[in-house]
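Coordinate inspection notes
One-letter residues, chain by chain:
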Amino acid sequence: MSERSERIAGIGGPLPELVVLRLARPYLKRLVGAGLLAAATEFAGLALMATAIWLLMTAAGQPPLDRLTVAIVAVRALAVSRGVLRYTERLAGHDAVLRLVTDVRAGVFDTLATRRGNPPRSGDALSRLVSDVEAVQDLLLRVVVPAAAAGLVSVLAVGLAALVSPPAALALAAGLLVAAVALPVLATALTRRAAAEVAPLRGALATDAVDLTHGAADLAAFGATSDALATAGRRARRLARLERRLAALGFAVDAAGVLVAGLTAGAVVYVALGAGVDEVLVGVLAVGTLAAVEIALALVGAARQWTGLRAGLARVAHLLAADDAGRAETAETAETAETGPSGTPAGGRSFEPTPSVRFDRVTVRYRNGAPAALDGFDLELPPGRRVAVVGPSGAGKSTLAAVLTGAVSPTAGRVTLDGRDVAAHPSQELPRLVGGLLAEAYVFHATVRDNMLLGRPGADEDALLTAATAAGLSDWVRAQPDGWDTVVGEEGGQLSGGQRQRLALARALLAAPGVLVLDEPTEGLDPVAADRVLASTLAATPAGRSVLLITHRLSGLAELDEIVVLDAGRVVQRGRHAALVATPGWYRDQWVLQQAAEHGYLALSG
Ligand SMILES: Nc1ncnc2c1ncn2[C@@H]1O[C@H](COP(=O)(O)OP(=O)(O)OP(=O)(O)O)[C@@H](O)[C@H]1O
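Remarks on helix α17 (residues 497-511)
In a regular helix each residue adds 1.5 Å, so 15 residues correspond to 21 Å; α17 covers 21 Å between its end C-alpha atoms and thus fits that length. Counting buried residues in α17 gives 13 out of 15 residues, a clear majority hidden from the surface. One or two residues past the end of α17 sits Ala512, with phi positive at roughly 40°.

Re the site of the ligand
Taken together, Tyr366, Ala373, Gly391, Ser393, Gly394, Ala395, Gly396, Lys397, Ser398, Thr399 and His552 are the residues near the ligand. Tallied by class, the residues present in the shell around the ligand amount to 3 nonpolar, 7 polar and 1 charged.

Here we look at the pairing of strand β9 (residues 562-567)
Relative to β9, strand β3 (residues 386-390) is paired through 4 bridges, and the arrangement is parallel. If you follow Ala388 over to β9, its bridge partner there is Ile563. Between β9 and strand β10 (residues 570-575), which follow one another and run antiparallel, lie 2 residues, and Ala568 among them has a positive phi close to 50°.

Quick look at the environment of Gly107
Relative to the helices and strands, Gly107 is located in helix α4 (residues 69-114). Taking the number of C-beta atoms within 10 Å as the measure of exposure, Gly107 has 26 and is therefore buried. Along the chain, Gly107 and Leu319 lie 212 residues apart, while their C-alpha atoms are 9.1 Å from each other.

So, the sheet that holds β10
In space, the 6 strands of this open sheet follow the order β6-β7-β8-β3-β9-β10, with mixed pairing throughout. Each edge of the sheet is formed by a strand with only one pairing partner; in this case those strands are β6 (434-437) and β10. Across the sheet, the mean angle from the axis of one strand to that of its neighbour is 20°, orientation sign disregarded. Looking at chain direction, strand β7 (residues 515-519) and strand β8 (residues 546-550) are connected through 5 bridges and run parallel. Note that in β8 the partner of Val517 across the bridge is Leu548. Against the sheet, α17 touches β6 and β7, its axis set at about 155° to β6.

Thoughts on helix α15 (residues 461-470)
Working note: α-helix, 3.6 residues per turn, so residues spaced by three or four point in the same direction. Turning to α15, its buried residues are Leu464, Ala467, Ala468 and Ala470. Projected down its long axis, α15 carries its buried residues within an arc of 160°, all on one side. Facing away from the buried side of α15 by more than 90 degrees, the exposed set consists of Glu461 and Asp462. Once α15 ends, the next one or two residues include Gly472, with phi positive near 75°.

What counts, and at which threshold
Residues numbered from 1 in each chain as written. Predicted model: local features only at pLDDT ≥ 70, side-chain atom pairs only at ≥ 80, totals over all residues. Helix = DSSP H or I, 4+ residues; strand = E, 2+ residues; numbered from the N terminus. Expected span 1.5 Å × (residues − 1). Buried ≥ 20, exposed ≤ 12 C-beta atoms within 10 Å, placed from the backbone. Near = placed C-beta within 6 Å. Nonpolar A, V, L, I, M, F, W, Y, C, P; charged D, E, K, R; others polar. Pairing = 2+ DSSP bridges. Axes fitted to C-alpha atoms, helices over the stretch in contact; angles between N-to-C directions. Contact = placed C-beta atoms within 7 Å. Arc of directions from axis to C-beta.

Shape descriptors only; they carry no functional weight alone.
This is how it looks when you write it as C-alpha cells:
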C-alpha cells in the first residue's frame, strides 16, 4: 500500500464528513483560498447590483456627470472582476478537490484490493468507485465551499446594511437567517430519509443486474427468474418513487426560497422608509437584499446536496477506515444475504410427482449445416430409473441435459414428460419436474444457506443438513465460525473449486426435482472424494425419483440401471456397467485407462 493510501486507510472517526475533511488537510490552504475567492465572487455580484441600482436611481435625477463617474467605473470593474474571480475560484477549488479525490480513489482501490474478509460485490464496488468517491468531490465543491462563501457574504451584507440603517439590517439578518438556516434545516429534514435510502438502493440494483446476468442460467434452472426479476423491478420502482419525491420537495423548497427573498426585501424597504432613509439608498437596500438572500439560498442547495451525499460518504469513509469497514461490510452483506440472492422468496415448495421422461429420436443442431450435437437420440426414463450418460468431450452430454430442462429445443424429435412436450410445461413448473446441477453452476455472493435455499425456498435446517451431508459439504460448514451463514464471496470466490461444486450439488439435492439431472457432479474432486460424493448423492435421492447423471468418470456407476455411451451425438453403446466393461468398445477402453490413472494417483497420494 502506498504511503498516501496508508494515510487514508488509517483514518477512522464517527462522522464521514470529518473523515473527508481530515483527508483534505494537506489541501486546506487551497480550499480556504477557493472559499475566499467564492465569497469575493458572490460579493462582487452583490456590490454590482447595489452600485448599478444606485447609478440608475441617481442618474434619473440628472445630476452632473462627474457625480456618476466613480459608480460607472465601479460597475464595469465589478462586472469584469466577478467573471475573473469566478474563474479563479473554480480553478483553485477543482485543483484542490481533484487532488483529494485522486487520493481517495487510490485509497478505495487499495482497500478493495487488499482487504481480507468479504470483498464487495462487483456491481456494488463499481457504484462505490464511481458515485461514492464523487460524493467527496461534491461535498467540497457543492457544499462546503459555497456554504462558507454564502455565510461570509451574508455577514458582510448585514454589516453594510447596518451602516445605512440598523433596523433595516435587522430585517435583512432575519430574512438571511430564514434563508440560510431555517430553509436548509427544513430541506434536510424533509429529504433525509428518502435520500438515505437512495444510495443503498442503487447499490442493490447494481448487484441485481450482476446476479440476473451472471446467474441467469441457474435462476432459470431453479425457477427463480421471475422472483428475481420481480425483486429487481420492485427496487427500480421504489428508486424512481424516491427520486420523484426528492425532486418535488426540491421544487417546493426552491419556491419557498423565492418567497423568503421577496418578503425580506419588502420588510427591509418598509423598515428603511420608516427610519427615514434616503429613497435612493432604500432602492439600493432592496436590490442588495434580493441579491444577498439569493446568495444565502445557496445553502438550501448545499444542504440538499449534503443529504444526498451522506450515504455515499459514509460508505467511502467506512471502507477507508479499514477495521471498522471490515465489520460494517460483513454486517451489510449479511443483511443483503438475509433476503437471499436477488431476493429469493421464502416459503415452502411442495414436491411434484416424478414424471416419466421419453426422448424420441431427438436431434439438436445448434446452427444450420453444423454437425448434430445430438443425433436421433432415444431414451426412456420412467420414474425411479437411474441412467448415466458418458462419452468423450463434445459428445453431446450437456446438450442432452439442456434439452431435458427446456433450455434448448430439439431441431427434430420430441422430449416428453408424462407424454407432454417439455416446451408445453409452464416455465415456472418445469424446474420442479426436471432440474438439478447443470454445467457451470453459479454460486451467488450470499450465505451458504441462501445459496442452498435457492433450490428450495423455505427448507428447514434438517433438509439443508441432509443435502449438504450427501454432497460432502456439512463438515466444512460445521468448521466455519458462521456455519450456514458463511458468506461465500462473489461467484463463490472464497470457496475452493471442490467446495463450490459441493455447494452447487447440495443445492440441487435440496431442490429434489422429480428428475434429478446431475451434469458432472463430482467435477473438481479427487477420485476418493468423487466416489464418496457420488455414492452418497445417489443414496440421498429417494427411490421414486429418476436420475440422469452426466459424467466423464466411469467409477461408481455399477448400481445404475443403464449407461448410455454417446459419441458425436449418437448412442454408440448402452447397457449396465458390468456388461459394458465386458464388451470391447469405448466404455471398456476408458474404464481401463481411468482405473490405471486413478490407481497411479492413489499409489502416489497414499
Ligand atoms: N451453445 C452452443 N452453440 C453452438 N454449439 C454448441 C453449443 N453447445 C454445445 N455446442 C456444440 O455441441 C456439441 C456437443 O456439446 P456438449 O456440450 O453437449 O458436449 P459434452 O459431451 O457435454 O462435452 P463436455 O464433456 O466437454 O462437456 C459440441 O460440438 C459443441 O461444440
